[in-house]
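# Survey of secondary and tertiary structure
Chain residues, written in single-letter form:
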Amino acid sequence: MGTINRLPEAVRNTVRSGTVLFDLTRVVEELVFNSVDAGATKVFVYVGVCNCYVKVVDDGSGISRDGLVLLGERHAATSKLGHLADMDDATGIGTFGFRGEALASISDVSLLEIITKAHGRPNGYRKVMKGSKCLYLGIDDERKDVGTTVVSRDLFYNQPVRRKYMQSSPKKVLHSVKKCVLRIALVHPKVSFKFIDMESEDELLCTCSSSSPLALLISSFGIEDFSFLDEVNANDGALEISGYISSPYDSISVKAFQYVYINSRYVCKGPIHKLLNHLAASFDCSDSWKANNGFLKGKRSKSQACPAYLLNLRCPHSLYDLTFDPLKTHVVFKDWEPVLAFIERAIRSAWMKKIAH
């Protein structure tokens, strides 16, 4: 995990790094992102909806005392973007950007406690915050192993309407959190995730470390045969795409999942999804290949025009913006044309390789 520093004013004004937390799921998401960026291999999420409680435990790099002093302050975060020019550098696209910035927002709506132990340090430390103010900072040896535990208590204590809405539908909240953690797990298969409902003590999600996300498809989508998925790997300078997509003419193809990520962050349906569905509907190949796959008349069913895919597009942060939407799942590129053209070439190439084989 990078060193925690205050973001330069020019950077924070340009990237608008502030975080809007309007439900429990967003709190969990930001804390899990922090854990992943800290290099964690195990992330445990505990949620008590009725008790307005969230705890995220990881085995990441931990935080030094100097970093903990700044953590939770406005515009204090870990980032490889020290200057505006760095946004054009693709070397830092493996991170989620400004990790730690959300902790200030979480402390505004809850009692926030951070317990951490950094690698090579003899002691662990604890910090307690509320309303972006530090209530306690000192040595704490509760954590014996390197990593960080973040606890958010009494969530939305100062927003009664939001809190009442959350508590009125605990099952809905738990389902939303599960979907959120699953989305992160799919693009970080080497990290083990566990999600537990503290009030029922039920384990709602458990993933194991794997070199590929395909193992998750068995437990999450009931898919045991991966032969209908074609691997996608392509790069074109600043743009790189990887993942899997079903063949447009594959008889096993189902609309089981459609996941698109930008720099490992899930994005909702938009131009990229529209492009992929359009490519599947319009893709054409030799009649003999259609016949060999059961399409004697060259027809395809409605479901086969909507392929299943799990794709991650990597590119410089300066090319797009995610902050127009509080959920940060709606992406807007400054220029969509080269991005969509690159994706189209990559997908067509993957499909043509399948035909050749």
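Residues numbered from 1 in each chain as written. Predicted model: local features only at pLDDT ≥ 70, side-chain atom pairs only at ≥ 80, totals over all residues. Heavy atoms only, no water.

### Comments concerning the overall build of the protein chain
Looking only at helices and strands, one finds ten helices and 17 strands in the protein chain. Out of the 357 residues belonging to the protein chain, those deemed buried represent 51%. As displayed, the protein chain has an accessible area near 16,600 Å², and 52% of this comes from carbon and sulfur atoms. (Helix = DSSP H or I, 4+ residues; strand = E, 2+ residues; numbered from the N terminus. Buried < 20%, exposed > 50% of the residue type's maximum accessible area, 1.4 Å probe, protein only. Areas by Shrake-Rupley, 256 points an atom, 1.4 Å probe, with all protein chains shown as cover.)

### Concerning the packing of aromatic side chains
According to the stated counting rule, one finds six aromatic pairs in the structure shown. Here the aromatic rings of Phe 257 and Tyr 259 are separated by 6.4 Å at their centres, their planes lie at 35 degrees, and the arrangement is tilted. Owing to a relative accessible area of 4%, Phe 257 belongs among the buried residues under this scheme. With centroids separated by 5.5 Å and ring planes inclined at 45 degrees, the aromatic side chains of Tyr 320 and Phe 333 adopt a geometry described as tilted. Separated by 13 residues along the polypeptide, Tyr 320 in strand β16 (residues 320-321) and Phe 333 in strand β17 (residues 332-333) bring together distant segments of the chain. Positioned above the aromatic ring of Tyr 157, the side-chain terminus of Lys 130 is 4.4 Å from the ring centre. Across the ring face of Phe 156, the terminal group of Arg 162 is positioned such that the distance to the ring centre comes to 6.0 Å. (Phe/Tyr/Trp six-rings, centres within 6.5 Å; stacked < 30°, edge-to-face > 60°. Lys NZ or Arg CZ within 6 Å of the ring centre and 35° of its normal.)

### What to know about the sheet that holds strand β6 (residues 125-130)
Pairing within the open sheet is mixed, and its eight strands lie in the order β7-β6-β5-β8-β3-β2-β9-β10. The sheet is open, and its two borders are formed by β7 (133-139) and β10 (202-206), each paired with just one other strand. Within this sheet the neighbouring strands show an average axis-to-axis angle of 10 degrees, counted without direction. In the sheet, strand β9 (residues 192-197) pairs with β10 via four bridges, with the strands oriented antiparallel. Its bridge partner being in β10, Phe 195 is matched across the sheet by Leu 205. Docked against the sheet, helix α6 (residues 170-187) engages β2 (42-48), β9 and β10, running at close to 175 degrees with respect to β9. (Pairing = 2+ DSSP bridges. Axes fitted to C-alpha atoms, helices over the stretch in contact; angles between N-to-C directions. Contact = heavy atoms within 4.5 Å.)

### Here's the deal with the packing of α6 against helix α7 (residues 214-221)
The interhelical angle for the contact between α6 and α7, taken along N-to-C directions, is 155 degrees, at an axis separation of 9 Å. Here α6 lies roughly antiparallel to α7, going by the angle between them. Regarding α6 and α7, the two cross each other, and that crossing is left-handed. Along its contact with α6, which presents Leu 182, Ala 185 and Leu 186, the element α7 presents Leu 216, Leu 217, Ser 220 and Phe 221. Class assignment of the residues belonging to the contact of α6 with α7 gives a composition of six nonpolar, one polar and no charged. (Parallel < 35°, antiparallel > 145°, perpendicular 65-115°, else oblique. Left-handed = near helix turned anticlockwise from the far one by under 90°. Nonpolar A, V, L, I, M, F, W, Y, C, P; charged D, E, K, R; others polar.)

### Thoughts on the side chain of Thr 116
Within the secondary structure, Thr 116 sits in strand β5 (residues 111-117). Engagement of the side chain of Thr 116 in a polar contact is seen with the backbone nitrogen of Ile 63, the distance being 2.8 Å. If near-sequence neighbours (up to four positions away) are discounted, Thr 116 is found in contact with Gly 62, Ile 63, Leu 68, Gly 124, Tyr 125, Arg 143, Gly 147 and Thr 148. (Polar contact = N/O pair within 3.5 Å; in protein donor to acceptor, adjacent residues only side chain to side chain.)

### Notes on the packing of helix α2 (residues 24-37) against α6
It is at 9 Å that the axes of α2 and α6 come closest, and there the two elements cross at 25 degrees. The orientation of α2 with respect to α6, classified from their angle, is roughly parallel. Handedness of the α2/α6 crossing: right-handed. Residues Leu 24, Thr 25, Val 28, Glu 29, Val 32, Phe 33 and Val 36 of α2 touch α6, and the partners they reach there are Val 173, Ser 176, Val 177, Cys 180, Val 181 and Ile 184. Taken together, the residues of the contact of α2 with α6 break down into ten nonpolar, two polar and one charged.

### Regarding the environment of Leu 205
As for its placement among the helices and strands, Leu 205 is situated in strand β10. Each C-alpha atom, one on Leu 205 and one on Phe 44, is 9.9 Å from the other, the two residues being 161 residues apart in sequence. Residues contacting Leu 205, with those up to four places away along its chain left out, are Lys 178, Val 181, Leu 182, Phe 193, Lys 194 and Phe 195.

### Considerations on the confidence of the model for the protein chain
When pLDDT is averaged along the protein chain, the result is 82; 76% of the residues meet or exceed 70. A low-confidence stretch, residues 79-85 (pLDDT under 50), is modelled with 17 contacts involving residues beyond four sequence positions or located in other chains. (pLDDT = per-residue confidence, 0-100.)

### A few points about the pairing of strand β15 (residues 309-314)
With five of six residues buried, β15 is to be regarded as a mostly interior element. In terms of strand pairing, strand β12 (residues 239-246) meets β15 through six bridges, oriented antiparallel. Each bridged residue has a counterpart across the sheet, and for Ile 245 the counterpart in β15 is Tyr 309. Pairing of strand β13 (residues 258-262) with β15 involves five bridges; the strand directions are parallel.

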